[in-house]
Amino acid sequence: MAESNRPSPADPDAANCRAVSPAAVKRRAQQSPGPRHKYQSPALGHCFKKVTLTKPTFCHSCSDFVWGLIGFLCEVCNFMCHEKCLKTLRAVCTCMAPSQVQVPVAHCFSPAGQKKRFCCVCRKQTEGSTALRCEVCELHVHADCAAFSCADCRCCHLDRNLQQDTFHHHWREGNPVSAARCEVCRRSCGSSEVLSGLRCEWCGITSHAACYHRVPPECVLGRLRSMLLHPTCIRLNSRNFSKMHCYRITESCNQDLDNTDEADPPAAAAAARDLQPAAPESGKQVIKVFDGDDAVKRGFFRLVPTCRGLKNEEVEAALRAFYLPDEPQHFELEDLGGLQRHHSDDFLNRNAVAPDNRPSPKEGGDTKLLRAKPRRDDVIKVHAAWTRSGAASVAVSETSTAASVLSEVLLQLDRQEEDASNFSLQEVYMSSKQVQRQTLSPQEKIVDKLQEIRKLSLRQMNQTRFYVVENRDPAVQVSLLIAGLPPLLTKEEYTRLMEQHLDFKSHLVTFTHFYDAQGAVALQISCFSEAERIYMLAKDTSISNKTLTSLVIPEIQHQKLGDEVCPLLVIVNPKSGGLKGRELLHSFRKLLNPHQVFDITNGGPLAGLHTFREVPRFRVLVCGGDGTIGWVLGVLETIRHKLVCREPPIGIVPLGTGNDLARILRWGPGYSGEDPHHILASVDEADEVQMDRWTILLDAQDISEDGKDNGFLEPPKIVQMNNYFGLGIDAELSLDFHLAREDEPDKFTSRFHNKGVYVKVGLQKISHSRSLHKELQLQVDTQEVPLPNIEGLIFLNIPSWGSGADLWGSEADGRFSRPRIDDGLLEVVGVTGVVHMGQVQSGLRSGIRIAQGSYVRLTVSKPIPVQVDGEPWIQAPGHIIISAAGPKVRMLRKSKLKQKKSPASRDGRSESPSSRDGGH
C-alpha cells in the first residue's frame, strides 16, 4: 500500500502503543479547528474522543463492562474502550486493516440471515436482509460496508502468485462464542454484546486483542488437524477465477450481490442511519461525498455530517467516512459540476435514501468530490512475495520508475547481487471480492501511477499495495471437471462432443479421466485464458436439453500429507433437512478447508471423489437422507477402480425423513442443530464397520398365469440396495408420498410435516386389500418359499425400517440367525396391511418372518409398486433377482464412548463459530 505522511502499520511488538500524552493532546487541540479533545493512536489508526455514556456499554478491547459515565469512542470505526485499555490497545482501526493483510485473499459473500452478528467494518450489529457473511471465514459485514473490507480471507491453497514460508494463525476479530476464553490470560474474551475477542480461523483458539501477540505465531490447526487438508498441500492455479469458482460455491446465493459496489443505495442509507438530526440553527450540514471518478460514475457516495464553514473538518470527516487513514492536509473537497450532480441525484431519487427530518443532499446539502492534492514525491512500501515479513519503504519522485524502485527494494532486502531482470514490480488491489494483480512495466512512472489510482478511487488506493515478485514461468496446469454429458459413451464420442460444443484448442487441452457412468470428463489445460474460456462456455452449454456443469478442481499434493493425517471429504445435500443442509455446508467450509467440502447439487458426488482420487487414505462424511447416501455409495462403486483409496469409510449426518441407516450406525434419527465441530470430532473418533450392499436385477417380461415367459416388455434395469427393498403396500405408500412431494416440493421441508403426510396417505389405504401372495413366487437360496396371506413383502439389509421400526423383531428364533449388517444375508419379512405397519411402527408387533438368505429370485405376474431405499416406482411383471454387490462397504459407526475432550474443547476453544446458534 502506498504511504505518504500517514501512520505506519501497527507493529505487534511495539511497546504498549499508547495514546498521545495530555500535553500533546492540548497542543493538537490548539491547532485543530475542532472544539473536542481527541486521543490519537497513530500506529493503530484510531481517533478517539471522550464520550458520555447514556446506556450500558462494553469495552471492545477487554469485553468487560464500562463502569461509570466516561468511555472512549473511535470516530472512524466506532471502537469503544476503557481509559485504562488505551494504554494496552492493539486492535487496529478499520482504516488500517489493509496494512495488516499477510496474504491477500478475496472473500465469498452471501446473505447472512437473521442471526445476531457484528459488522467487522463499522462494529455495529448486523440486521435484516442487508447483512452479508463470507462462506469461507467468519467475516460478517453490512452490505454497504462490504466495499470497505479488504481481502483478508483465509488462504486455503497455494498458487503461483504469493507463497507462504510458515503457516501462521489467521486471526478474525469478533463474533466468538460467548463462553470463549483467552488462550493467554484464561479470562472470558467472548461477548454477545459487542465485537470483541480474536479467534484463529484454523485452530479455533481465542484471545483478547491485547493478548494475542503473546500467542506463538505458528498455527498447528487444533483439534481437527488429523482430518483437515493443510493449505500447503493444495495447489490451484486460479488467476482470474473468482473464489466462488475455486470453492465451487453456487452462484445462485451470490447473484444479488454482484452489484453491491454500484449505485449502492444502502451505503447512503447506512450513512444516514448514523447521522443525528440537527436543528437548522446548529450550523450542521450533510454533504454527499464521492471518493473518485469511479465513484461518481457508479453513484457510490457517503453522507458526511459537517459544520458549515470549517473546510478542514469537512475533509477530515470525509476521510473518516471512507475509512482512510491519511492526514487531511493532503486532500481537498471539490464541488461537482452540474452533469455529475444531476447524475447523482437521479440515484438518490430512485432509491429514496434520504431520511426523514434531515436535509437531503438534493434539497439543501452539497455534493463534493474528495481529491488527493498533487504530489511530487511519495513513499511506497513494497512487500516481498516470497516471505511474510520482508518489506521495504522506498521514497519515489517524479523521475522514479518501476525499475529504479525495484533496484532499491532488492538492495534493502539484501538481494542486490541478483539480476534485477529476474524480478518484477507488481501492483495488487486487495478488493474484498477479488484480488487484482498487474505487473508494472520497468519504465512506468510510480508517482504518475499513484496519482492515477487516487484519481480513480481513494478507497482503492488504500487497498492497493506493491509486491516484488520473482519472474518465473511455471507450467500452467488448470484442471476442470465437465459434468452433465450423456452417459455411457465411448472416449472418442466424448472427445468429439466436447470439440463440437466447446471448440477448444486440442494442443492445449488433455483429457485425463472419462467417467462414462456419470457422463463426465476431466480436462487438464495448459493455458489460463483457454481454461477460463472453456469454464464459462461450458456453464452456458446444453447437450440433450441438459446444462453442463463446469468445476475447477484443485490438486491435492498427497505426498505432503503427514502419516497421521486422514483427510475428511464432506459431501452435503443443501436441499435436505430444510435449511439445515445449507447451514451445515456453510459451517463445514469454515471449520475445515473449503476445498474438502462439496455441494452435491453442484457436480454430484463425483466432484469430491475425483478431487480425492490420489489421496492414499481418507474418510467421507455424507450430509443428507438415505437417498443421498445411496447416491454417494453408487458413484463410489462405479469409480472405485480409479481411486487410490478404493474403500474410504463413510460417516453420516442424517438430514432426511427416515434416516434408517444413520440410526443403526448411531448417528441419530435426524440432525437437530448439534454443533458442527462436535460432529467432526465424533467422526474422527468413530469406529469402522462393514456393511453389505445388494444388486437388484429387474428383468421385465410378459409372465403368463402359469409362470412362463411370453415375451420382452422393457430393458433390464440394475439398481443398488443398501437398506431395504419393498413390494406391495409398503411401496405403494412410498409412491403416493413421493407423488405428493413432487406436486408441492416447497411444503416438504420439515421432517415432522413429511411424517404427517405419510400418516395421511396410510389412513387412505387402511381398507386396501391385495392378495400379494397370489402375484409373487419367491425363491431364496434355490429353495421355493411359500408366502402367507400378506399385502407387503420387504427384504431387509439393516435392522431399521420406516424411520427406525424393528420390522424383524428382537425375539430369538431357532430357524434364523440374528440379523447383522455384515452377515451377507437378507431378512425377508411380510406385513398384512396398513394396520400391521402401524403396529410395527409403534413397537406393538413385528413383521412376519418368512426367510433369510443370500440369493433371492422373485417372479411377478402383475405390475406392482416397488421401492428401493425409499425411491418408489411401478414395476412391470417379470423376474427380480437380488444378489450381493461385490465387496462390502466400510461405514463409520459413532463410538459409544463419551467424546474425548482436548484442553481446547474444555475451555470452549473448539466450539465452532456457529455453536451459540445451535449449529446454524
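Here is what the cut-offs are and how they apply
Residues numbered from 1 in each chain as written. Predicted model: local features only at pLDDT ≥ 70, side-chain atom pairs only at ≥ 80, totals over all residues. Heavy atoms only, no water. Helix = DSSP H or I, 4+ residues; strand = E, 2+ residues; numbered from the N terminus. Buried < 20%, exposed > 50% of the residue type's maximum accessible area, 1.4 Å probe, protein only. Contact = heavy atoms within 4.5 Å. Expected span 1.5 Å × (residues − 1). pLDDT = per-residue confidence, 0-100. 1 Å grid on protein atoms, 1.4 Å probe; cavity = no way out; pocket = protein on both sides within 12 Å on 5 of 7 lines; lining within 4 Å. Points joined across faces, edges and corners; volume = space filled by probe spheres on them. Nonpolar A, V, L, I, M, F, W, Y, C, P; charged D, E, K, R; others polar. Pairing = 2+ DSSP bridges. Axes fitted to C-alpha atoms, helices over the stretch in contact; angles between N-to-C directions. Salt bridge = Lys/Arg side-chain N within 4 Å of Asp/Glu carboxyl O. Disulfide = S-S within 2.5 Å. Phe/Tyr/Trp six-rings, centres within 6.5 Å; stacked < 30°, edge-to-face > 60°. Parallel < 35°, antiparallel > 145°, perpendicular 65-115°, else oblique. Left-handed = near helix turned anticlockwise from the far one by under 90°.

**Student:** Please explain the overall build of the protein chain as it appears in this structure.
**Tutor:** Scanning the protein chain for helices and strands turns up 20 helices and 47 strands. Looking at the protein chain as a whole, 57% of its 920 residues qualify as buried. A sequence separation of at least 24 residues applies to 72% of the contacts in the protein chain between residues at least 6 apart.

**Student:** I would appreciate a short explanation of helix H12 (residues 580-591) in the present structure.
**Tutor:** Because each turn of an α-helix spans 3.6 residues, side chains separated by three or four positions in sequence point in the same direction. The terminal C-alpha atoms of H12 lie 16 Å apart, and with 12 residues this matches the ideal 16 Å at 1.5 Å per residue to within 8%. Counted residue by residue, H12 has 10 buried out of 12 residues, so it is predominantly covered. Buried within H12 are the following residues: Gly581, Glu583, Leu584, Leu585, His586, Ser587, Phe588, Arg589, Lys590 and Leu591.

**Student:** When you look at the confidence of the model for the protein chain in this model, what are you seeing that I'm missing?
**Tutor:** Mean pLDDT over the protein chain stands at 81; residues scoring 70 or higher make up 80%. Note on residues 338-364: pLDDT under 50 across the span, and 37 contacts to partners over four residues away in sequence or across chains. Across residues 914-920, confidence stays below pLDDT 50; counting only partners more than four residues off in sequence or on other chains, it has 28 contacts.

**Student:** Would you take a moment to explain empty space enclosed by the protein for this structure?
**Tutor:** It is a probe the size of a water molecule, rolled over the atoms, that shows where empty space is left. A full pass over the atoms with the stated rule returns 12 cavities of 30 Å³ or more. Roughly 70 Å³ of internal volume is contained in the second largest cavity. Lining the second largest cavity, in full, are Thr94, Cys95, Ala97, Pro98, Phe148, Phe322, Tyr323, Arg459, Asn462 and Gln463. For the lining of the second largest cavity, the class distribution of residues is 6 nonpolar, 3 polar and 1 charged.

**Student:** Explanation requested: the sheet that holds strand S8 (residues 140-142) in the structure shown.
**Tutor:** Pairing between sheet strands relies on hydrogen bonds along the backbone, with the strands arranged either parallel or antiparallel. Strands sit in the order S6-S7-S8 across an open sheet of 3 strands; the sheet is antiparallel. On the outer flanks of this sheet lie strand S6 (109-111) and S8, each paired with one strand and no other. Pairwise comparison of adjacent strand axes, ignoring direction, gives a mean angle of 35 degrees for this sheet. Taken together, the 3 bridges between strand S7 (residues 131-134) and S8 define a ladder with antiparallel strand orientation.

**Student:** Which parts of the structure should I look at to understand the sheet that holds strand S14 (residues 302-307)?
**Tutor:** Strand order in the open sheet made by the 4 strands is S14-S13-S16-S15, with mixed pairing throughout. Both edges of this open sheet fall to S14 and strand S15 (331-335), since each of them pairs with a single strand only. Sheet twist, expressed as the average angle between the axes of neighbouring strands with direction ignored, equals 45 degrees. Judged from the 6 bridges that link them, strand S13 (residues 284-290) and S14 form a sheet pairing that is antiparallel. Bridge pairing in S14 places Val289 opposite Arg302.

**Student:** So what exactly am I meant to see when it comes to the pattern of salt bridges here?
**Tutor:** One pass over the structure, following the stated rule, counts 34 salt bridges. Here Asp64 ties to Arg187 by a salt bridge, and the two come within 2.7 Å at their closest N and O atoms. Of this pair, Asp64 sits in the loop between strand S3 (46-52) and strand S4 (70-74) while Arg187 sits in the loop between strand S9 (171-173) and strand S10 (198-200), placing them 123 residues apart in sequence. A residue is classified by how much of its surface remains accessible, and Asp64, at 28% relative accessible area, is partly exposed. Here Glu427 and Lys449 are joined by a salt bridge, their closest N and O atoms 3.2 Å apart. On the criterion of sequence distance, the pair formed by Glu427 in strand S19 (residues 423-430) and Lys449 in helix H8 (residues 446-456) is long-range, its members being 22 residues apart. Exposure remark for Lys449: the relative accessible area of 6% places this residue in the buried category.

**Student:** In this structure, what is going on with unusual backbone geometry? I would like to understand it.
**Tutor:** Peptide bonds are trans in most cases, and residues, glycine excluded, mostly fall at negative phi. One non-glycine residue, Asn78, adopts positive backbone phi at about 70 degrees. In this fold, Asn78 is placed in the loop between S4 and strand S5 (80-81). With relative accessibility at 22%, the residue Asn78 sits in the partly exposed group. Even without being a glycine, Arg248 presents a positive backbone phi close to 55 degrees. Topologically, Arg248 is positioned in the loop between helix H2 (243-246) and helix H3 (265-274).

**Student:** Explain the state of the cysteines to me, please; I cannot follow it from the model alone.
**Tutor:** Note on terminology: a disulfide is the covalent bond linking the sulfur atoms of two cysteines. A full pass over the atoms with the stated rule returns 0 disulfides. With no disulfide of its own, Cys182 has Cys185 as its nearest cysteine by sulfur position, at a separation of 3.7 Å. By relative accessible area, Cys182 is classed as buried at 0%. Cys246 carries a free sulfur, and the closest cysteine sulfur to it, the one in Cys108, is 8.2 Å from it. The exposure class of Cys246 is buried, given its relative accessible area of 0%.

**Student:** In this structure, what is going on with the packing of aromatic side chains? I would like to understand it.
**Tutor:** What characterises a pair of aromatic rings is the spacing of the ring centres plus the angle enclosed by the ring planes. In this structure the tally under the stated criterion is 17 aromatic pairs. The interplanar angle of 20 degrees and the centroid separation of 5.9 Å between the aromatic rings of Phe725 and Phe795 together place this pair among those described as stacked. Pair noted here: Phe725 is in strand S37 (residues 724-728) and Phe795 is in strand S40 (residues 792-796), with a separation of 70 residues, a long-range link. For Phe725, a relative accessible area of 0% puts it in the buried group. The class of Phe795 is buried, set by a relative accessible area of 0%.

**Student:** What should I look at first to understand the environment of Asp699 in this one?
**Tutor:** With respect to the helices and strands, Asp699 occurs in strand S34 (residues 694-703). Sequence separation between Asp699 and Gln875 is 176 residues; the distance between their C-alpha atoms is 9.6 Å. When sequence neighbours within four positions are dropped, the list of residues in contact with Asp699 reads Pro716, Pro877, Gly878 and His879.

**Student:** Even after reading the chapter, I still don't get the packing of H12 against helix H16 (residues 676-685), so can you show me in this structure?
**Tutor:** If you want to describe how two helices pack, look at the angle between their axes and the distance between the axes. Remark: H12 packs on H16, axes separated minimally by 10 Å, with the N-to-C direction vectors making an angle of 70 degrees. Between H12 and H16, the angle falls in the class roughly perpendicular. The element H12 and its partner H16 pack so that their crossing is right-handed. Two secondary-structure elements touch here, H12 through Leu584, Ser587, Phe588 and Leu591 and H16 through Pro676, His677, Ile679 and Leu680. Class assignment of the residues belonging to the contact of H12 with H16 gives a composition of 6 nonpolar, 2 polar and no charged.

**Student:** What should I look at first to understand the packing of helix H13 (residues 604-611) against helix H14 (residues 626-639) in this one?
**Tutor:** Across the interface, H13 lies against H14 with an axial gap of 9 Å and an inter-helix angle of 50 degrees. Taken together, the axes of H13 and H14 lie oblique to each other. Between H13 and H14 lies a crossing of right-handed hand. Along its contact with H13, which presents Gly604, Pro605, Leu606 and Leu609, the element H14 presents Trp631, Val632, Val635, Leu636 and Ile639.

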